[in-house]
Each structure stands twice: as structure tokens, then as C-alpha cells.
Amino acid sequence: MNYTEKVMDHFLHPRNVGKIDNPNAVAEVGNAQCGDIIKLFLRINPEGIIEDISFETFGCGAAIATSSMTTEMVKGKHIDEALLVTRDVVAEELGGLPASKMHCSNLASEALHKAIHEYKAKYNLH
Amino acid sequence: MTHRIYFDNSATTPVRKEVVDEIMPFLTELGGNPSSRHYEGRVVRTAVEAARAKVAAAINADPSEIYFNSCASEGNNTVLRGYMMGLGRNAKKNHIITTAVEHPSIFNTAAALEKEGFEITYLPVDGKGNLNLDDLRNAIKENTGLISTMFVNNEIGNIYPVEEIGKIAHEHNILFHVDAVQAVGKIHVDVKKIGCDFLTVSAHKFYGLKGVGALFVKRGRVLKNLLTGGHQEKGKRPGTENVVGIIGMGKAIELAVAELDDEAKRVAALRDRLEKRVLEEIPFTRVVGDPSHRVPTLSNISFRFVEGEGILLKLDTEGIAVSTGSACSSSDLKASHVITALNGDPEEAHSSIRFSLGKYSTVEDVDYTVETLKNTISLLRSFSPIYDEFVNANKH
């Protein structure tokens, strides 16, 4: 169950870490008991474009790498396009994940969906 | 490969050079079967029996009480399953007492026996990982037939009071098994002092080869075989002997015991330096286990707000090998049952790192590891949401 080179690259050099200024959509998923918590910060402009995005993650190598990859994949995209990013898409983009990591440590796309849905609800964008 | 720092000696140790030299002739020239009556066989038989004598001497047993096998898991299975099978139908003594912090080869075997109708009591541990002997006394019942405890815990390094447990067992005519896998070579192991009936040993924990172990069975005690087959090991463990493994084990245990006192002092000083520096120089760290009842080689430390597998991977890329109780590094995704048993806190298990030093560890290794850890922990905390939350909550 070794990690791919791409997973290790994102783990060792995570993109978009920390907190961005003035996020207008934030979502957290996971819990410390299962060992993974992922928090995403998004700034979405009035046209629905994700101008900026960042993450904070408590978790294993896969959790950090999937968080990093998710932010990289959706930065600059429209939120409806971003919703097409699922855990399978993230895993595929990383060249695969060990089977045991597919669910518990691949939660960043869930956080993304949660943040976008909450943003849409807030601004009545359906 | 560049210089690596190996702080995972509780998982396994490298084979030491003296062992390689000892077994080399048996890999190249002396290839006989120890059961054969000809010269080629007799030479090998002599070496196997010399190794048996060395293993026996190392734990103060008689050579006739040593049975070579393939590993500690086999030894532990042989005791639990062999005990069960030996009872036969209508078994009266079908209650076994063990602890909540055993190695999986006891833990999961006990669980398998439970499915066969056995009753198992798992003694709890306190916040430091220690047993309360009153819990043991209270757990003993009319039908208790076997007590099985480890001598040294593999994850936190605690030393358990096996001599006292042995006394209690025999006051009640209960058989006593000790899993001494993590003890041999680190502290003195004496089967007569312990007063045990069975004791498990594994060679690769003290610079011998993987794939060979030994089970001490006190004279007069009988366990049913797991395997049926030939006459090897007095018919108790059929199968052609792992000749090189056994000969290497004899050499390794002889050296480990001879060097024990000096080496324990040396390694303890290194371990203490590592632990002291980490606790002083990295905030929100804590020792897991009981520093006053511990083997000299091991330190288990929890790094709050960060996850163990992340630390392990990062250290690995910096040339340092450690292990973690975090679920994320195990394939079954369960947090360590040992560390969770201490305080019921899976979060601590997720954040714990085991450093297990050995005979090749140096002070330079320790200092490099501390410096690397300082960077690693502060980096991982810099984007940990629970650290962020903690810092914000404590700002006001």
C-alpha cells in the first residue's frame, strides 16, 4: 500500500496551505477520533469563480495530499464545475490511493461540496 | 543509500555481523539435515543443539525445555491453542486471563478461542499502561486455567510484574505463559525467577534472523501440537529445522545477554537524551507509558495536534525510521488498542510516535532526529485545523 510519487509530492510540498484572507465559504469535515479533519477556505467572486482556496488538515499523508490536490484542481474554476470534483476524481489525479485510504482520508472533496452548497444556500443560488 | 537512522528496533533489528559469520558455513558448506545419521547431518545436529543450549542458558532454562519454531506468533498460538486443544471435551478450566495490551498474536488468538466457547478476561491498564494486580486476583475463578501476559509491551515499553503474576498464578494452580518477545536482550529474563510454565522468544528482536523463534515449555507441562508430522523437536514441532535461523539465534542471544548490562546503560542514556530534548524543545508533547517501569530502548511520545503517519512519512524522507500507533498507518484503520487502552483517547494514539533505539544508535542520530522533529512538527502544526483552533481559543 505504498503512496504514488504524486501523492508524496503533494504531501511533501502541499499547495494552498493555511488560511486565505477574507474567505466567504468555509467547511470542515471529519473528526479527530477517526484521525482526519479537513477544513477548506474559499473566496468565491460574484460570477461564481473560486478566486482563491486553501486548506488546513489534520491527518495522514493521503489526507494532506488529497487536500492539496483538491485545492489545486478547483482554483480558478466556476463552482458548478468544481462540484464535478469527487473523491474518485481526486484519487485518479493522484495516480491512485491505497484502498484503505479511499474513504477516511479522501475527504477534501466532501469539504469542497459542503462549502459550495452552503455558499449557494446563503446566496440563494440554485 | 545515504545514512539512515533506524529507530524502529522494536519492530525488528538488523542481523548483526557475528551472527552472519556464525551461520555462513551452514549456508555454503554444511548443508546436511540434522536428522541424518551421516557426517553431514551430525555436524549440523551438533550446531543446532549448541544453539539450544545457548538459548536455554540465556533464560535460565534447561536445553530440554527449549522448542524451536518459526516466530513469536507461532509460539503464542501454540500456547493458547495447544492449551485449549489439550483440554478436550467438557473442559472445566476454560477460562483464560490476559491483558488489554497484548500483541495481536495473543489478542486475536484469545478472540478466536472465545469463539470456540472459551471465556477470556482482558485485564485493563491504567493511564500509564500499568496493570493492577488486584484486578488479576479478582478475575481468578474456579475455571481459570491459564494466565498469559507479556513481559514488556511492544508499543510503550512498559515492564510488567511477571514474577508477582507468576506467584499469584501458582497459588491458584493456574498455568502461566509469558510473551517475552520484547524483553530478551533488553532486560534479564529468568524463567525460574518468573516461575512461568511457558515463555515465548523471537530471534529477530535481538539481531538474529527473521523466521525463527523458541518456546520454553517447563518440564512436565504438555501442550497439544499445532502441527502433525515428523519427530523434530521431540515430535512437538514437526518440520525440518530452520538450521541457519536456529544457529544464528543461539549466537545472537548469547551476545545479547553478555552485553546486556553495558548496552542497556548506553542506550538508556541515548533514549533519555532524545526524550528530554523533545519534551523541552517541542511544546505539547507527552510521554506515553510509564517512564519508571520501562525498557531502556523505547520512548513513545505523543505530539498533540498532528497525526502520526504524517510525522512518520516526513521523518522517513529525512532519513529516519520510526513507527506510530496511528490508525492511518495500519491497514485496518484502527488506532492502537494499546494506547487507546491507556486513557480511552484515540486522538492520543493517532498522534503517538514510537522511537525504539538499538545497538547501532548514536548520539548524533538522536540529535539529528530532535532537530528534524522540531521542523516537522512545527510544519505539520502550521496547517493543522485543531492546532489553529487551539491557538485561537487561547488567544483571549
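Here, every reference points to the structure presented above.
In this report, the structure presented in the accompanying data block is examined. Computed from a predicted structure; not experimentally measured. Throughout this description, residue numbers start from 1 for each chain and increase along the sequence as written. Throughout, the order in which chains and ligands are written sets their labels, letters from A for the former and numbers from 1 for the latter. Selection of residues for local features in this predicted model requires a pLDDT of at least 70, selection of side-chain atom pairs for listing and counting requires 80 or more, and totals for whole chains, interfaces and linings are taken over all residues. Excluding hydrogens and water, the side-chain values take into account all heavy atoms of the structure.

### Describing the pattern of salt bridges
One side-chain nitrogen of Lys or Arg within 4 Å of one carboxyl oxygen of Asp or Glu is enough to make a salt bridge. Throughout the structure, instances matching the rule amount to 36 salt bridges over all chains. For the salt bridge of Glu72(A) with Arg15(A), the shortest nitrogen-to-oxygen distance reads 3.0 Å. Pair noted here: Glu72(A) is in helix α2 (residues 61-74) and Arg15(A) is in the loop between α1 (5-12) and β1 (25-31), with a separation of 57 residues, a long-range link. Three exposure classes are used, based on accessible area relative to the maximum for each residue type with a 1.4 Å probe and protein chains only: buried under 20%, partly exposed in between, and exposed over 50%. Judged by relative accessible area, Arg15(A) falls into the partly exposed class, the value being 24%. Arg4(B) serves as the salt-bridge partner of Asp316(B), at 2.6 Å between the closest nitrogen and oxygen. Note that Asp316(B) is positioned in helix α9 (residues 308-317) and Arg4(B) in the segment before β1 (5-6), a separation of 312 residues in sequence. Asp316(B) gets classed as partly exposed once you look at its relative accessible area, which sits at 34%. A relative accessible area of 29% places Arg4(B) in the partly exposed class. The structure contains a network of salt bridges with shared partners spanning Arg273(B), Arg277(B), Glu281(B), Asp367(B), Glu371(B) and Lys374(B). The numbering of helices and of strands both runs from the N terminus, where a helix is a DSSP run of H or I of at least 4 residues and a strand a run of E of at least 2.

### Here's the deal with the sheet that holds strand β2 (residues 66-69) of chain B
All names here are of chain B. Judged by pairing direction, the sheet is mixed, and its 7 strands sit side by side in the order β2-β8-β7-β6-β5-β3-β4 without closing on themselves. Each end of this open sheet is capped by a strand with a single partner; those strands are β2 and β4 (119-123). With direction set aside, neighbouring strand axes in the sheet form an average angle of 20 degrees. Note that strand β3 (residues 95-99) and strand β5 (residues 144-150) share 3 bridges and pair parallel. Looking across to β5, one finds that Ile96 is bridged to Leu146. Whether two residues touch is decided by their heavy atoms; if any such pair falls within 4.5 Å, the residues are in contact. Lines fitted to C-alpha atoms define the axes here, with helix axes fitted over just the stretch in contact, and angles between the N-to-C directions of these axes take values from 0 to 180 degrees. Docked against the sheet, helix α4 (residues 104-115) engages β3, β4, β5 and β6 (175-179), running at close to 150 degrees with respect to β4. Note on pairing: two strands pair once DSSP finds at least 2 bridges between them.

### Side note on the sheet that holds strand β13 (residues 352-356) of chain B
Residues and elements named next belong to chain B. On the basis of which strands lie adjacent, the open sheet formed by 4 strands has the order β9-β10-β13-β12 and antiparallel pairing. Among the strands making up the open sheet, the edge pair consists of β9 (285-287) and β12 (323-324). Judged from the 2 bridges that link them, β12 and β13 form a sheet pairing that is antiparallel. Paired with Ser323 across the strands is Arg354, a residue of β13. Running at roughly 10 degrees to strand β10 (residues 298-303), helix α8 (residues 243-281) makes contact with β9, β10 and β13 of the sheet.

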